[in-house]
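Commentary on secondary and tertiary structure
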Amino acid sequence: MVAPTNSAQAALLERPLLEVVNLETHFPVRRGVLQRVVGHVKAVDGVSFHLAKGETLGLVGESGCGKTTVGRTILRLIPATGGQVFFDGKDVYAQSAASMRALRRQMQIIFQDPGGSLNPRMRVGRIVGEPLEVHGMASGDELRHRVESLLERCGLWRQAADRYPHEFSGGQRQRIGIARALALEPRMIVCDEPTSALDVSIQSQILNLLSDLQDEFGLSYLFISHDMAVIHHICDRIAVMWNGKIVEAGSRDDIIERPKHAYTQALLSAVPEADPRRKKARLKFEGMKM
């Protein structure tokens, strides 16, 4: 076998971990007694972006813009209407059920509602350990040890494995969700508004935890949020989404300091000032045809 050249090696190193090409997710609108399709809601309409290894890409926009649908469609939790998604060079939508099962180990998600995403009838140890059992990665004493280690790494205590989700605060439940997402040692995690349901003081703790875990495990994050302040804190690049499309994308500093699109400017004007004596003009975005 011929050894790869330096340029070939460089190309492999530079290849994005995730590539999204013209992604579309349309939902049918049905009316009448026969529930005939009379139209479609274009929740995601031709979205393209990439995510590098070890990078955090922020997908930001107001509620209903389609950003959560993007994250779930990438993971095949929602079927795509069109477009392609490549993970480490593999076409996600071309995978068989068996191949997709193996691929899911590398792509995980942290949900917005830490309470609603945890089964209230299951103890925390089973919630975190279930993915390891399903994928045949651990059992018995080894499973217990790995679960306890994950909980400790996420800022909880080992005995938390024997309790139920309702016995924890919102921030602690989100830590359980993070531990579950880490269990399979993924390479990419979709963070779907992971701090929006938490108090401000707890938000910073969760963001710091995610940053530490990224450094430790080399994770890539697709970080979905409506909060520009949170996006500014944790992301390397930002993609601004409106009405199912990405209207502006670039480095964090470019988007925050030199926004070009009127919608991006309006989002930034809504970020509260830390100093109450300073007042910032709130911009209004009336919308426009794409």
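Report follows, based on the coordinates. Model, not experiment: these values are computed from the prediction.

What to know about the packing of aromatic side chains
Tallying each qualifying case throughout the model produces two aromatic pairs. Where W157 meets F168, the ring centres are 5.8 Å apart and the plane angle is 35 degrees; that geometry is what we call tilted. Of this pair, W157 sits in the loop between α5 (140-153) and α6 (170-182) while F168 sits in the loop between α5 and α6, placing them 11 residues apart in sequence. Under the relative-accessibility criterion, W157 is labelled partly exposed at 30%. A relative accessible area of 5% means that F168 is categorised as buried. Ring geometry for W242 versus Y263: centroids 6.2 Å apart, planes at 40 degrees, classification tilted. Taken together, the residues W242 in strand β9 (residues 237-242) and Y263 in helix α10 (residues 262-269) connect sequence positions 21 residues apart. We classify W242 as buried; its relative accessible area is 9%. Residue Y263 is classed as buried on the basis of its relative accessible area of 3%.

Examining the environment of I256
If you trace the backbone, I256 turns up in helix α9 (residues 252-257). On the basis of relative accessible area, I256 is assigned to the buried category, the value being 18%. Between the C-alpha atom of I256 and that of L268, which follows or precedes it by 12 residues, the distance is 7.3 Å.

Some remarks on the sheet that holds strand β3 (residues 56-60)
Taken together, the six strands give an open sheet; going across it, the order is β6-β7-β8-β3-β9-β10, and neighbouring strands pair in mixed fashion. Since the sheet does not close on itself, it has two edges, and those belong to β6 (107-110) and β10 (245-251), each with one partner. Adjacent strand axes in the sheet meet at a mean angle of 20 degrees when their direction is disregarded. Pairing geometry for β3 and β9, over four bridges, is parallel. Of the residues in β9, the one forming a bridge with G58 is I238. Contacting β3, β6 and β8 (220-225), helix α7 (residues 200-217) crosses the sheet at an angle of about 160 degrees to β8. Contacting β9 and β10, α10 runs over the sheet at an angle of about 105 degrees to β9.

Thresholds, definitions, all that
Residues numbered from 1 in each chain as written. Predicted model: local features only at pLDDT ≥ 70, side-chain atom pairs only at ≥ 80, totals over all residues. Heavy atoms only, no water. Phe/Tyr/Trp six-rings, centres within 6.5 Å; stacked < 30°, edge-to-face > 60°. Helix = DSSP H or I, 4+ residues; strand = E, 2+ residues; numbered from the N terminus. Buried < 20%, exposed > 50% of the residue type's maximum accessible area, 1.4 Å probe, protein only. Pairing = 2+ DSSP bridges. Axes fitted to C-alpha atoms, helices over the stretch in contact; angles between N-to-C directions. Contact = heavy atoms within 4.5 Å.

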